[in-house]
Amino acid sequence: MWENKDALYIKKMEDICFAKEPWSLEAVKSALQRQDVVYKLVYDETKAPIGYFIAAALFEEAELYRIGVIPEKRGMGYGKKLMDDLLKNCPQKTEKIFLEVRESNTAAIRLYESYGFKETGRRKNYYGNESALNYMLKIDNG
């Protein structure tokens, strides 16, 4: 169950992490209200929210919509914690997780690939003059 304060925290981090194309508060709330959405916030040692993910999981597939850590907390393991939480919070029946990432976001690409995500395609000029890379992770639930 989502809380309004979570939506406000996420919106604030959206504006910082995705300054070029942040989601609106309405978009954040709309996503959090969906039955198929899982999300998680991560907090620093002062209990301040510093990162989050939003994903949808339906049937055997999940899609990571957003993951972000505020710039001053990057490189400190919070992105890995969020990815661990994503994998823990996807339904047991999830077989594949999909995501898109800017081709210039090398830190995120390294993180995804460290979890076994494989590039499956490219959307040329998806972000204006920059392409999006499509990634997929196959999960072995056996």
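In what follows, the structure referred to is the one given above.
In what follows, the accompanying structure is described. Owing to the predicted nature of the structure, the values given are computational and were not obtained by experimental measurement.

## A look at the sheet that holds strand β2 (residues 49-58)
Working step 1: Taken in spatial order, the six strands line up as β1-β2-β3-β4-β6-β5 in an open sheet, and their pairing is mixed. Because the sheet does not close on itself, it has two edges, and the strands there are β1 (37-43) and β5 (118-123). Sheet twist, expressed as the average angle between the axes of neighbouring strands with direction ignored, equals 25 degrees.
Working step 2: One ladder, built from five bridges, connects β5 with strand β6 (residues 132-138); its direction is antiparallel.

## Here's the deal with the environment of Tyr115
Working step 1: Looking at the secondary structure, you find Tyr115 in the loop between α4 (106-114) and β5.
Working step 2: For the pair Tyr115 and Asp15, spaced 100 residues apart in sequence, the C-alpha to C-alpha distance is 27 Å.
Working step 3: Excluding residues that lie within four positions of it along the chain, Tyr115 makes contacts with Lys80, Met83, Asp84, Leu87 and Leu137.

## Digging into helix α2 (residues 25-33)
Working step 1: Buried within α2 are the following residues: Val28, Ala31 and Leu32. One face of α2 carries all of its buried residues, which in axial projection span an arc of 95 degrees.
Working step 2: Buried-residue contacts for α2 involve α1 (4-17), β1 and β2.

## Topic: the pairing of strand β3 (residues 61-69)
Working step 1: When β2 meets β3, the two strands line up antiparallel, connected through eight bridges. Across the sheet, the residue bridging to Tyr52 is Gly68, located in β3.
Working step 2: Following β2, the chain reverses through two residues before pairing antiparallel with β3; Phe59 in that reversal takes a positive phi of roughly 55 degrees.
Working step 3: For β3 and strand β4 (residues 96-102), the ladder comprises four bridges, and the chain directions are parallel. Looking across to β4, one finds that Glu63 is bridged to Phe98.
Working step 4: Remark: the β3/helix α3 (residues 78-89)/β4 crossover connection has right-handed handedness.

## Some details on the nonpolar core
Working step 1: Within the largest apolar cluster, 40 residues are counted, with the highest numbers of intra-cluster contacts made by Leu64, Tyr112 and Phe117.
Working step 2: The element contributing the most residues to this core is β2, with seven residues.
Working step 3: The residues contacting Phe117, other than those within four sequence positions of it, are Met83, Ile97, Leu99, Tyr112, Tyr135, Met136 and Leu137.

Rules of the game
- Residues numbered from 1 in each chain as written.
- Predicted model: local features only at pLDDT ≥ 70, side-chain atom pairs only at ≥ 80, totals over all residues.
- Heavy atoms only, no water.
- Pairing = 2+ DSSP bridges.
- Helix = DSSP H or I, 4+ residues; strand = E, 2+ residues; numbered from the N terminus.
- Axes fitted to C-alpha atoms, helices over the stretch in contact; angles between N-to-C directions.
- Contact = heavy atoms within 4.5 Å.
- Buried < 20%, exposed > 50% of the residue type's maximum accessible area, 1.4 Å probe, protein only.
- Arc of directions from axis to C-beta.
- Right-handed = clockwise from strand over helix to strand, strands pointing away.
- Core = buried A, V, L, I, M, F, W, Y, C linked by side-chain atoms within 4.5 Å.

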